[in-house]
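Structural overview for review
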Amino acid sequence: MQVRFGFPSILSGKSRASGLKLGGSLLLGLALAGCHGTDWSHNYQDSFETPAKTSMSYMPDAVAKAFVEPKNNEPSTPVAYQRPATPSYDDRPLDENIGASIELANYMAALRAVGLVPWITGPGPITVFAIPNEAMEKLSSGWPGGLMAPAMRGQLTHILGYTIVSGHWDEKTIRKTIARRHGQGIGLKALYGDILSVHVEPQTGAILLNNPAGQTTRLWGHSFPQSNGVLYFTQDALIPVSR
């Protein structure tokens, strides 16, 4: 099984690195990005050619959970006091469902800012490990001027590229592949060639994401089927490690 960015999708073992740096390899990765697969900027999904489905599921949403019951016998309805959860439609592409999610507003704005939206609009399959708002804000606060500052465009592009993986990696496929490898984790090549490691935690059975420096994050909810791939919400952001 191989990724269509030109790299093998399954690698043995867990990579190690001494630290987190975004440097010369970032520039090389960005320069080679156009060589790793198909340019989908002119290959958007055609709604008339996509098989229609009636299935959907609600995406995670911290805003929808912020509802507080009003007091003093005031009217209390979800319409008046709470924004309904946002659905993810199985027959719509990644860019549409991500764009519809309030929880991924910062992530989508960042994708647009660095020009990576075309990579999630084509026929795929593509798997996206999207970073929710709180994690994006936490990550941005650790960089001078924030990640959306013009001077940070290269770093932001590299970090976002680490969330985009070629292939249809839903939960069933991930668990089946790891089980076939007798519990050994798999390494997925991200957009700019960085390794995103995926493991199943033996104690809980939860799927974990790791970078080569040992940072770990969990998934928020289950995988969401998309017409051109799979969408996940992560609980935190992972930083790619330069080679």
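Cut-off values and rules
- Residues numbered from 1 in each chain as written.
- Predicted model: local features only at pLDDT ≥ 70, side-chain atom pairs only at ≥ 80, totals over all residues.
- Heavy atoms only, no water.
- Pairing = 2+ DSSP bridges.
- Helix = DSSP H or I, 4+ residues; strand = E, 2+ residues; numbered from the N terminus.
- Axes fitted to C-alpha atoms, helices over the stretch in contact; angles between N-to-C directions.
- Contact = heavy atoms within 4.5 Å.
- Core = buried A, V, L, I, M, F, W, Y, C linked by side-chain atoms within 4.5 Å.
- Buried < 20%, exposed > 50% of the residue type's maximum accessible area, 1.4 Å probe, protein only.
- Arc of directions from axis to C-beta.

Per an unreviewed UniProt entry, the protein chain carries the name FAS1 domain-containing protein and comes from Gluconobacter thailandicus.

Glancing now at the sheet that holds strand β8 (residues 216-218). Pairing in this open sheet of 4 strands is antiparallel, and the strands run β5-β6-β7-β8 from one edge to the other. Each edge of the open sheet carries a strand with a single partner, namely β5 (186-189) and β8. Averaged over all pairs of adjacent strands, the angle between their axes in this sheet comes to 30 degrees, without regard to strand direction. In this structure, strand β7 (residues 207-210) lies alongside β8, joined through 3 bridges in antiparallel fashion. Within the sheet, the bridge partner assigned to Leu-209 lies in β8 and is Thr-217. Each of β5, β6 (195-200) and β7 is contacted by helix α7 (residues 171-180), which is oriented at about 80 degrees to β6, the strand it contacts most.

Another point: the nonpolar core. Ranked by internal contacts, the top residues of the largest apolar core, which has 33 residues, are Ile-98, Tyr-107, Leu-111, Val-128 and Leu-231. Of all elements in the fold, only α3 (94-100), α4 (105-114), β3 (126-130), α5 (133-141), α6 (153-161) and β10 (229-233) reach the threshold of two or more residues within this core. In terms of residue count, α4 provides more of this core than any other element does, 5 residues in total. Among all residues touching Val-128, those that are not within four sequence positions of it are Leu-94, Ile-98, Tyr-107, Ile-120, Thr-163, Ile-164, Val-230, Leu-231 and Tyr-232. Judged by nonpolar contacts, the second largest core, of 17 residues, contains Phe-129, Val-165, Leu-209 and Val-230.

The next subject is α7. Residues of α7 that are buried: Ile-174, Thr-177 and Ile-178. Projected down its long axis, α7 shows its buried positions confined to an angular sector of 95 degrees, all on one face. Projecting away from the buried face of α7 at angles above 90 degrees are the exposed residues Lys-172, Lys-176, Ala-179 and Arg-180. Residues of α7 that are buried in the fold lie against β5, β6, β7 and β10.

A few words on the sheet that holds β3. Taking strand neighbours across the sheet as the criterion, the 4 strands line up as β4-β3-β10-β9 in an open arrangement whose pairing is mixed. Lying at the two open borders of the sheet, with one neighbouring strand each, are β4 (164-166) and β9 (224-226). On average, each strand axis in the sheet is tilted by 20 degrees relative to the strand beside it, whichever way the strands run. By the bridge criterion, 3 bridges tie β9 to β10 in an arrangement that is antiparallel. Bridge pairing in β10 links Pro-225 to Val-230.

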